[in-house]
Amino acid sequence: MNTIRTFAATAGAMLLLYAGTTLAQGIKMPAPSPTQTIKQDFALSNIELSYSRPLKNGRVIMGDLVPYGKVWRTGANSATTITFGDDVNFGGVPVKAGKYGLLSIPGAQSWTVILTSSLDVTSPAAYKQENDIARVTVKPVATPFSQESFTIGFENVRSNSVVLTLGWDKTKVPVVIKADIDDKITAQINDAMQNAEKKPYFQAAVYYYESGKDINKAVEWINEAATQSPDAFWVWYQKARINAKAKNVKVAKEAAQKSIELATTAKNDDYVTLNKKLLATLK
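This section reports on the structure supplied with the text. (Residues numbered from 1 in each chain as written. Predicted model: local features only at pLDDT ≥ 70, side-chain atom pairs only at ≥ 80, totals over all residues. Heavy atoms only, no water.)

## Remarks on the packing of helix H6 (residues 249–265) against helix H7 (residues 269–281)
The cut-off we apply is this: Here an axis means a line fitted to C-alpha atoms, over the contact stretch when the element is a helix, while the angle between two N-to-C directions is reported on a 0 to 180 degree scale. Secondary structure elements are taken from DSSP: a helix is a run of H or I of four residues or more, a strand is a run of E of two residues or more, and numbering for both begins at the N terminus. Oblique is the label for every angle not falling under 35 degrees (roughly parallel), over 145 degrees (roughly antiparallel), or within 65 to 115 degrees (roughly perpendicular). Crossing handedness is read from the near helix: turned anticlockwise from the far helix by less than a right angle, it gives a left-handed crossing, and turned clockwise, a right-handed one. Contacts between residues were defined by any pair of non-hydrogen atoms, one from each residue, lying within 4.5 Å. Polar here means any residue outside two lists: the nonpolar Ala, Val, Leu, Ile, Met, Phe, Trp, Tyr, Cys and Pro, and the charged Asp, Glu, Lys and Arg; Gly therefore counts as polar.
The contact between H6 and H7 brings their axes to 9 Å, and the two run at 160°. By the angle between their directions, the pair H6 and H7 is classed as roughly antiparallel. Crossing hand, H6 versus H7: left-handed. Seen from H6, the contacting residues are Lys253, Ala256, Gln257, Ser259, Ile260, Ala263 and Thr264; seen from H7, they are Tyr271, Val272, Asn275, Lys276 and Leu279. Its residues assigned to classes, the contact of H6 with H7 comprises six nonpolar, four polar and two charged.

## Description of helix H5 (residues 233–245)
Just so we agree on the cut-off: An expected span of 1.5 Å times one less than the residue number is assigned to each helix. For every residue, the accessible area obtained with a 1.4 Å probe (protein chains only) is divided by the maximum for its type, and the residue is called buried under 20%, exposed over 50%, and partly exposed between those limits.
Compared with an ideal rise of 1.5 Å per residue, which puts 13 residues at 18 Å, H5 spans 19 Å between its outermost C-alpha atoms and is within 8% of the ideal. With 10 of its 13 residues buried, H5 lies for the most part within the structure. Every buried residue of H5 is accounted for by Phe233, Val235, Trp236, Tyr237, Gln238, Lys239, Ala240, Ile242, Asn243 and Ala244. The elements touched by buried residues of H5 are helix H3 (201–210), helix H4 (215–228), H6 and H7. Phi turns positive, to about 70°, at Lys247, one or two residues after H5.

## Observations concerning the nonpolar core
To keep it simple, the criterion reads: Residues grouped as a nonpolar core are buried Ala, Val, Leu, Ile, Met, Phe, Trp, Tyr and Cys residues, joined through side-chain atoms within 4.5 Å.
Membership of the largest hydrophobic core comes to 68 residues, with the highest contact counts inside it found for Phe84, Phe90, Leu102 and Leu164. Val71, Ile105, Ile114 and Tyr127 belong to the second-largest nonpolar core, a separate cluster that totals six residues.

## What about the pattern of salt bridges?
Stated precisely, the cut-off is as follows: Whenever Lys or Arg places a side-chain nitrogen within 4 Å of a carboxyl oxygen from Asp or Glu, that contact is recorded as a salt bridge.
If you walk through the whole model with that rule in mind, you get nine salt bridges. Lys172 is the partner of Glu155 in a salt bridge, and the nearest nitrogen-oxygen pair spans 2.9 Å. Of this pair, Glu155 sits in strand S9 (residues 141–155) while Lys172 sits in strand S10 (residues 161–178), and the two are 17 residues apart along the sequence. Taking relative accessible area as the criterion, Glu155 reaches 32% and is therefore assigned partly exposed. For Lys172, a relative accessible area of 25% corresponds to the partly exposed category. The partner of Lys217 in a salt bridge is Glu220, with the nearest N and O atoms 3.4 Å apart. Taken together, the positions of Lys217 and Glu220, both in helix H4 and three residues apart, correspond to about one turn of that helix. Overall, Glu220 belongs to the partly exposed group, its relative accessible area being 42%.

## Points about the sheet that holds S9
Formally: Any two strands between which DSSP finds at least two bridges are classified as paired.
A sheet is described by the order of its strands in space; here four strands give the open sequence S5-S4-S10-S9, paired in antiparallel fashion. Edge positions in the sheet fall to strand S5 (93–95) and S9, since each has one partner strand and no second. On average, adjacent strands in this sheet sit at an angle of 40° to one another, irrespective of strand direction.

## With respect to the environment of Glu130
You can see Glu130 is positioned in the loop between strand S7 (111–116) and strand S8 (132–138). With a relative accessible area of 64%, Glu130 lands in the exposed category. A sequence separation of 45 residues divides Glu130 from Gly85, and the C-alpha atoms of the two residues are 24 Å apart.

## Here we look at the pairing of strand S6 (residues 98–105)
Regular strands have side chains that alternate between both faces of the sheet. Extensive coverage of S6 is indicated by the burial of six of its eight residues. Here four bridges tie strand S3 (residues 81–84) to S6, and the two strands are oriented antiparallel to one another. Within S6, the residue paired with Thr81 across the bridge is Gly101. Bridge count for S6 against S7 is five bridges, and the pairing is antiparallel. In the strand pairing of S7, Gly101 is matched with Thr116.

## A few points about the environment of Ile47
Tracing the backbone through its elements, the reader meets Ile47 in strand S2 (residues 45–52). By relative accessible area, Ile47 is classed as buried at 1%. Along the chain, Ile47 and Asn190 lie 143 residues apart, while their C-alpha atoms are 27 Å from each other. Leave out the neighbours within four places in its chain, and Ile47 touches Ile38, Lys39, Gln40, Phe42, Ile82, Thr83, Phe84, Phe154, Val162 and Ile177.

In structure tokens, the structure reads:
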């Protein structure tokens, strides 16, 4: 009888242990420093960034949790990586398209931001300076508010430049990234104008206008674009802008009025407003 009771007690204890283990294994908890992967369209491709985001949690960050003068993985957990789809200029240093580790050496007065060929640096001991691809010095900016989560992001995104920002607590570190894409775009335009069945007059005209190229060529192409798409109010608006820049005021006014008529029919108030603002500048 005692043997039976002992067996039952043992079996019950084992069952509870098993149930507890199973329950523990089944609990999913949020990561204390969640990983974020972001992709920003830039130049003719994109920039992709992967990093982990630690929280401040009431701690002193700069100079303490993030020590000054030591290599930092620029995040938490695994290594921070950044991938460029185009060749870029990173803080003044030419960098080929590819994937790199993103590291930094924080300082009270200046930061060193590093691109390395090593994709697995998670501690100062693992860092090898000979693997640096780019090493730039950046002045940190004090922010008027405290940022709880460490954040890497992109600001002032333009066709050929963007600002990479590292931000945590009351510190932001900006790095300017540029891409020289003019030769590539110009080559595409020239090829299309020679070989394409339907010429990309609209895109070519707007690019020449916005990049400060031959304005007379832009006028020629936008006129062709308006012929291609006579009911496109956005084309007529660009025709007005381009001719205004070329000092063809009469043509610019006529194009703006035409765009207003077409936009009104299409019930697009935004373009009506844009054209009225443009007309107000044409004297």
